[in-house]
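# A closer look at the structure
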Amino acid sequence: MKSQQSEILIRTLTVICLALGGPGAVLGKLNGDFNGEGYRIPSNPDALEFPQAHGSHPDFRLEWWYLTGHLYTETERRFAFQATFFRYADPPEERRNLISNRDFGAGLIHLAHMAILDTESGEHAHRERINREGWDAVAKEGGLDIRNGNWSLRMTDETRETLELRGTAGAGNEFTLELEPEKPRVFFGEHGLSLKGEEPTSRSYYISFPRLRAEGSLSWQGERHGVSGRAWMDHEISSGQLTDEQIGWDWAGIQLDDGREIMTFQLRRKDGAIDPFSYLGWVDRNGELRHYGAGEFHWELGEEWESPETGARYPLGIVVVAPDPELDGAETRLTLKPLVKEQEFVGRGGLAYWEGACDVLDRDGEKVGTAFVEMTGYAGSLQGRL
Amino acid sequence: MRHEYSENRWRETALLLRWFSWRNARRHWAHSLLILFLLALGVASALSIRLASRAASESFALFTESLAGETDWVISAPSGHLSTDVLPEIREALSEQEVWIGPVLETTAVPAPEEDFEPAGREKNRARLVGLDTVGILNFPAPENYDFFRERDEAGAVPELTGSTQGVVAGAALAEKLDWRKGEERTFWIADRPVSLRLKGRLDAESRSSPRLPAAGNILVADIASVQHWSGREGQLDRVEFRVKPGPNLDERRERVREILSATSHGRWVLETEESRRRSGEIMTRAFRQNLTVLSLIALLVGWFLILQALDAAVVRRRQEIAVLRSLGVTAAMVRRMWILESLVIGLLGGGVGILLGWIGAQWSVRIVGQTIDTLYHATAVEGARLYTGEAWGGLALAVAAAVAAGWKPARDAARIPPAQSMHEGNRVQWLSPRRAAGQGALWAGLAAVFAVLPPLTLDGGARLPLPGYLAAFACILAMARVAPLLLPALARLQGEAIRGTPPLWVALARFRRPTTRHGLAIGGLVLAAGMAAAMTLLIHSFDRSVQSWVEGNLQADIFVSTRGGDNATAAGRIGPDTVEELAAHPGVDAVDRFQSYSLRLDEGNPTRLAGADLELRLERTDLIWLQRPGPSRLTQKEPTGAPALVTESFARRFGAWRGNRLEIFTPSGQQMIQIEGVFADYGNEHGQILVDYSILTEWYKEERVRNLSVYLKPETPATAVQQEWSSRYGGLVFRNNAELREAVFRIFRQTFAITYALQGLGVLVAIGGIAFALAGAALERRDEDFGLRSIGFARSTVAASALVEGLGIVLAGIAGGISLGFVLGALLIYVVNRQSFGWTLACEIPWGPLALFALALLVTGAVVSGMTGRWSVRLPSEKRD
């Protein structure tokens, strides 16, 4: 039996995650920059002013700030983390009819996921939190300042665009990190718009800091460590939704040791085909972006791992095969090898996905970077959950 | 060998029991049933009151229990409400702690009457409307266990409560009572506004993982933003619940959260555990419950006295049978064992019946106790009292102990009967020793005097248990029970021609010259039963009169205004400032006295109340009963020494604070100082009240809503016209004219005395039952003598008449002793027990009329029973010994 919580969660997660790579359904006829439900839709990335645009945009249906990273202690003990802040808005018309106040807002829901992986023990601790806009959760407009309970993400220096992230994953597991961009932010997608489908509503602003230097502290089971490492942050804004044809997606954020990054996703359709709106973007050492469409790259799925908790079978150890701009478009093969297989995130509503830290291996099996991979729709079709 | 011997011993005793006791019980079945009934009645009264008061307390526990399951800590304002501004501050202070934080706001919602209009103040379906953060609560463990998230609305979807303008889920019981189906709308009065609520789902106690949650009660759950909006309490909270997330070092982390919450409080909130909240609820009603328990035990004591008397009489009746047994070789020890065993069986049977009657009685008394607690202390939702196994065993143990204790002396007496002497002498009469009786009476009276002046015991939370007062009452009972039989020799001294010429009188009075122990027991039992009933009558009458003069002095206004369902102690309905202004602006209104009150914790969290009223107006227009009258200083302006305040007698006694004392209190605007200017009598609540001027209270609480209004009309304005005009305009408010309010106040007070009335009735019933026992015992005792009188020529009618006179003498002595005891017990209840437990002094008023009626009823019953037993005894053939 679904609970209200799971419904909110599924609605939020599905919409959010599909905004990442899914073709949007027709939500209604366009009315200027607004769709039929009254949400604003992404249309002009040049209109976004930074650093204000790092903040929240409640005119859009959903928005998320997604951070992942690999961390090392002074003794080279290795950890990884995931911190995701989601914001979901009810249709503006509905919101107007709700009773809402400063402390207990209605119509704006904040969901957050936190996870810490300890590679030494192989333990993966994860937590979920859901709150309404109000005293215990807020995503401010006009600048990055997000809080959900005692988890928070805020910009500490608007010029350098440095960030502070605080999160926990159960008692005794917590981290506080200073994150500093090593490259300027990028907009994935042609013309600054990440297209997810044929319809004009199926697009998002996809803003990333693909390489952040991370430094701070991490407590694992009550033991505190000084840590440093590398992180990735996405901020995506959209008003789209899944189509009937889509059942899930796979995503990867790859940070190569040579100073370049790849962001890629492929959308999976019911018939087993890969959706034509799948995408791969290379970020070079200077932050310049090169886009590749669905026909120009592909994913080879790895050996399936069955989750003991949900029974979902995830094809881990995927290989991304793509043209390398530095090799004049010659094909490169990057294997994303999970540090630990058990990195499934199971939300309280029963919605599960695999979000895991990986090493990146080249053709010869040499480690050439680190990555985070997300695989959704394996624990039942997402569409069916809506 | 020893084992074999003891086995034989018990087998023989059991055989004797069957042959001797069972046969007797069957032959005297009415008598046996009466003993069982008396014992059962005593146990039932004690048990039913115990069950009822426990159920009412448990119902409070349910109310303190979080809807989100167990919590580690709860904070609430020491007085009034918490501001939502504390939430971010608390989150920041706890930023390094893994803890769930759940804000809660509660109010009262009263269904608007539809066809059958419920009279104001009798809204049975008044609901507790709980506002929760319906999103944040999902972070608490296992939210899917909460029904309101499992429920489906009319469209089959999960009920959307967050920010809903109408959506609520209701306790199944409330939905049933209102015949309210999912999807349907109902209008409720919340504060003074009508709100149309739509039922989105039902809380079903059975389907819930935690069956203790108050799903079955009159409860509505909605989103906190909606409840704030409906009740006009934006920015306010009643409490915040905390639960530390599981994980390593849980206790340490729990303690850390406590430390942080304590350190950041600065007097703004009280930090408690769920358990201590429950306890403070229990403390509120402790004095009330303890008094009930003691009263119910007195009923058991009366029953016990009568059983003692009955068993003792049975020894006399069966004396010759015992003698036969002894002659046949049955040892004295065996006779004693048999007698004790018989008492044990009586105890078991009486206890069993008592438990059943007690449980039945509890279903009735629980409503009364619940109503009283609801009216005077806090909201309750209890509708039935459950019987736990432990309590059933306790009731049984009580019955067995009472029966065995009552059977002990008769068993000893029976065992001491020497066979030959008994056969020869027949009934051996034990004479009462007047000197010893007087001595013992004086001893008990002395002890009573000492207990009466001892101070009460002080319990947690400032509640006071007047144990010495009760012991004094107990000693008084024993003193009077010992002394009252001495009235018989006094009666016997009545001389005169008329008596000498009337054989029945002469015979009866001759018997009084040397009263027997049987006379003593009979009169003792009567004294106790009649004394208890008389004392209750005196107490109730005095209370009634005190309340009456208090009401007459206090209630002078023409119209009283309150919100619907606002008659209970914790009803949260308030009248908004706009409405107050509109009412005050009515052309017929001369003046308006606004009244608002908040709960307040003083001295380590002891509960009391802080109220505000338009003091100058109140003093000018009402006649308060002063214990310490205030001086001529202005009561409406704050002085450098503190805000001037009046306190009730209960407050003064409870906190030892009288005129001239200063006190520090915590309000939402911080710490404040008050200066007590006067002390007045008030019977509103035993926790006391501080009264300051309304302007001062609003300054402290930043709230202009009021609990009720007293409206004084201009002389030429007809109250009923204004009342009607307002009633039709403001549906959420109740307008009572002076007479109606007085009626409502008396109804509430009488309702709170319902259990006392029941005990009074029980006392009367037992007293009348006791007469039958006493007189039958006396008749049996003198049966040989009666036979002798008949043998020397006395007519049967003369002998029967002498029995009637003797019975009347016993009853008269019992009544005289009982009524005297009633006066003494009444005085103890009024001047010691009530003052110590509740802190108020009642004006002692003797209800001559009811007491005379009661005495007459006893006398008539005594006459009837004496006549019947007299006639019955003379019809006995001489050889029939029982």
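What you are looking at is a predicted structure, and each value in this text was computed from that prediction instead of being measured.

## So, the overall build of chain B
Helix and strand counts for chain B come out as 28 helices and 23 strands. Residue burial in chain B is summarised as follows: out of 882 residues, 60% are buried. For chain B, the accessible area works out to roughly 34900 Å², and carbon and sulfur atoms hold 58% of it.

## Some remarks on the overall build of chain A
When its secondary structure is counted, chain A shows 3 helices and 25 strands. Every one of the 386 residues in chain A was classed for burial, and the buried ones make up 62%. A separation of at least 24 residues holds for 60% of the contacts in chain A among residues at least 6 apart in sequence. Counting every atom, chain A has about 14000 Å² of accessible surface; 43% of that belongs to carbon and sulfur.

## A closer look at helix α19 (residues 577-584) of chain B
Residue and element names in this part refer to chain B. Residues of α19 that are buried include every one of T579, V580 and L583, and no others. Across the axial projection of α19, the buried residues extend over an arc of 100 degrees, all falling on one side. Exposed positions of α19 whose direction lies more than 90 degrees from the buried face are D578 and E581. Along its buried surface, α19 packs onto β14 (559-563), β15 (589-602), β22 (708-713), α23 (719-729) and β23 (733-737).

## Side note on the interface of chain B and chain A
Between chain B and chain A, the residue contacts involve 46 residues of the former and 34 residues of the latter. Overall, the association of chain B and chain A removes approximately 3100 Å² of surface from exposure, summing both partners, and the carbon and sulfur fraction of that is 53%. The tally of links between chain B and chain A comes to 4 salt bridges. In this structure, the salt-bridge partner of D136 of chain A is R91 of chain B, at a minimum N-O distance of 2.7 Å. Taken together, chain B and chain A are joined by 13 residue pairs in polar contact (both at pLDDT 80 or more). Listed by contribution, the elements that provide at least two residues to the side of chain B that touches chain A are α3 (86-93), β3 (99-111), α4 (147-150) and α6 (224-231) of chain B. Tallying contributions element by element places α6 of chain B first for the side of chain B that touches chain A, with 6 residues. Per-class residue counts for the side of chain B that touches chain A are 18 nonpolar, 15 polar and 13 charged.

## Focus: the nonpolar core
Residues and elements named next belong to chain B. Within the largest apolar cluster, 79 residues are counted, with the highest numbers of intra-cluster contacts made by Y683 and L825. Beyond its immediate chain neighbours, meaning those up to four positions away, L825 contacts A473, C476, I477, G531 and A535. W73, V168, L237 and V240 belong to the second-largest nonpolar core, a separate cluster that totals 42 residues.

## Topic: the pattern of salt bridges
Taken as a whole and judged by the stated rule, the model has 57 salt bridges over all chains. Between E63 of chain A and R87 of chain A there is a salt bridge, with its nearest N and O atoms 2.9 Å apart. Taken together, the residues E63 of chain A in strand β1 (residues 62-73) and R87 of chain A in strand β2 (residues 78-89) connect sequence positions 24 residues apart. Assigned by exposure class, E63 of chain A and R87 of chain A land together as buried. E272 of chain B is the salt-bridge partner of R601 of chain B, the closest N and O atoms lying 3.3 Å from each other. Within this pair, whereas R601 of chain B is found in strand β15, its partner E272 of chain B is found in strand β11 (residues 270-272), the two being separated by 329 residues in sequence. Counted as one network, the salt bridges with shared partners bring together D157, R160, E180, E182 and R213 of chain A.

## With respect to the layout of surface pockets
Residues and elements named next belong to chain B. In this structure, the second largest pocket encloses a volume near 630 Å³. Taken together, 24 residues make up the lining of the second largest pocket; nearest its centre are L308, K409, Q440, R482 and L521. Mapped by element, the contributors of at least two residues to the lining of the second largest pocket are α8 (274-317), α11 (389-415), α13 (434-453), α14 (467-483) and α18 (517-554). Of the residues assigned to the lining of the second largest pocket, the class counts are 15 nonpolar, 5 polar and 4 charged.

## As for the confidence of the model for chain B
Residue and element names in this part refer to chain B. On average, residues of chain B score 78 in pLDDT, and 78% of them are at 70 or above. Within chain B, the lowest mean pLDDT, 50, falls on α4, and the highest, 94, falls on α3. With pLDDT under 50 throughout, residues 115-122 is counted as low confidence; its partners more than four residues away or in other chains account for 14 contacts. Per-residue pLDDT stays below 50 along residues 207-216; that stretch engages in 28 contacts with residues further than four places along the chain or on separate chains. The ipTM, which scores confidence in the relative placement of chains, is 0.88 for this predicted complex, and the corresponding pTM is 0.71.

## A closer look at the packing of helix α17 (residues 503-513) of chain B against helix α27 (residues 796-838) of chain B
A pair of packed helices can be characterised by two numbers: the angle between their axes and the separation between those axes. All names here are of chain B. The geometry of α17 relative to α27 is characterised by a closest axis approach of 8 Å and an angle of 50 degrees between their N-to-C directions. Overall, the two elements α17 and α27 adopt an arrangement that is oblique. The hand of the α17/α27 crossing is right-handed. Contacts between α17 and α27 involve P503, P504, L505, V507, A508, R511 and F512 from the former and T798, A801, S802, V805, E806, G809 and I810 from the latter. Looking at the contact of α17 with α27 residue by residue, the class counts come to 9 nonpolar, 3 polar and 2 charged.

## Regarding the confidence of the model for chain A
Averaged over every residue, the pLDDT of chain A is 88; the share at 70 or more is 88%. Every residue in residues 1-31 of chain A scores below 50 in pLDDT, and together they form 127 contacts with partners more than four places removed in sequence or on other chains.

## Considering unusual backbone geometry
All names here are of chain A. Put simply, F50 and P51 share a cis peptide bond, and its omega is 10 degrees. Along the polypeptide, P51 turns up in the loop between α1 (4-21) and β1. If you check the backbone angles, E76 has positive phi at about 70 degrees while not being a glycine. Counting through the fold element by element, E76 comes out in the loop between β1 and β2. By relative accessible area, E76 is classed as exposed at 59%. Non-glycine residue E161 carries a positive phi angle of around 55 degrees. Summarising the element assignment, E161 is placed in the loop between β7 (151-157) and β8 (162-168).

## With respect to a nonpolar patch on the surface
Taken together, the side chains of F37, V353, L356, L357, W359, I360, L387 and L765 of chain B make up a nonpolar region of the molecular surface, amounting to roughly 690 Å² of accessible area. Mapped onto the fold, L765 of chain B is located in helix α25 (residues 754-781).

## Focus on the side chain of R87 of chain A
A residue is classified by how much of its surface remains accessible, and R87 of chain A, at 1% relative accessible area, is buried. Within polar-contact distance, the side chain of R87 of chain A engages the backbone oxygen of F60 of chain A at 3.2 Å.

## Considerations on the environment of P338 of chain A
Residues and elements named next belong to chain A. Note on placement: P338 falls in strand β22 (residues 330-338). Taking the relative accessible area as the measure of exposure, P338 reaches 16% and is therefore buried. Taking C-alpha positions, P338 is 9.2 Å from I318, a pair spaced 20 residues apart along the chain. Once residues lying within four places of it in the same chain are set aside, the contact partners of P338 are L316, G317, Q343, W354, A357 and C358.

## Brief notes about the packing of α18 of chain B against α27 of chain B
Residue and element names in this part refer to chain B. Across the interface, α18 lies against α27 with an axial gap of 5 Å and an inter-helix angle of 40 degrees. Taken as axis vectors, α18 and α27 run oblique relative to one another. As for the relative orientation of α18 and α27, their crossing is right-handed in sense. When the residues that make up the contact of α18 with α27 are grouped by side-chain class, the tally is 21 nonpolar, 9 polar and 1 charged.

Conventions used here
- Residues numbered from 1 in each chain as written.
- Chains lettered and ligands numbered in written order.
- Predicted model: local features only at pLDDT ≥ 70, side-chain atom pairs only at ≥ 80, totals over all residues.
- Heavy atoms only, no water.
- Helix = DSSP H or I, 4+ residues; strand = E, 2+ residues; numbered from the N terminus.
- Buried < 20%, exposed > 50% of the residue type's maximum accessible area, 1.4 Å probe, protein only.
- Areas by Shrake-Rupley, 256 points an atom, 1.4 Å probe, with all protein chains shown as cover.
- Contact = heavy atoms within 4.5 Å.
- Arc of directions from axis to C-beta.
- Buried area = accessible area lost by both parts, 1.4 Å probe.
- Salt bridge = Lys/Arg side-chain N within 4 Å of Asp/Glu carboxyl O.
- Polar contact = N/O pair within 3.5 Å; in protein donor to acceptor, adjacent residues only side chain to side chain.
- Nonpolar A, V, L, I, M, F, W, Y, C, P; charged D, E, K, R; others polar.
- Core = buried A, V, L, I, M, F, W, Y, C linked by side-chain atoms within 4.5 Å.
- 1 Å grid on protein atoms, 1.4 Å probe; cavity = no way out; pocket = protein on both sides within 12 Å on 5 of 7 lines; lining within 4 Å.
- Points joined across faces, edges and corners; volume = space filled by probe spheres on them.
- pLDDT = per-residue confidence, 0-100.
- Axes fitted to C-alpha atoms, helices over the stretch in contact; angles between N-to-C directions.
- Parallel < 35°, antiparallel > 145°, perpendicular 65-115°, else oblique.
- Left-handed = near helix turned anticlockwise from the far one by under 90°.
- Patch = residues over 30% accessible without salt bridge, like charges linked within 9 Å, V, L, I, M, F, W, Y side chains within 5 Å.

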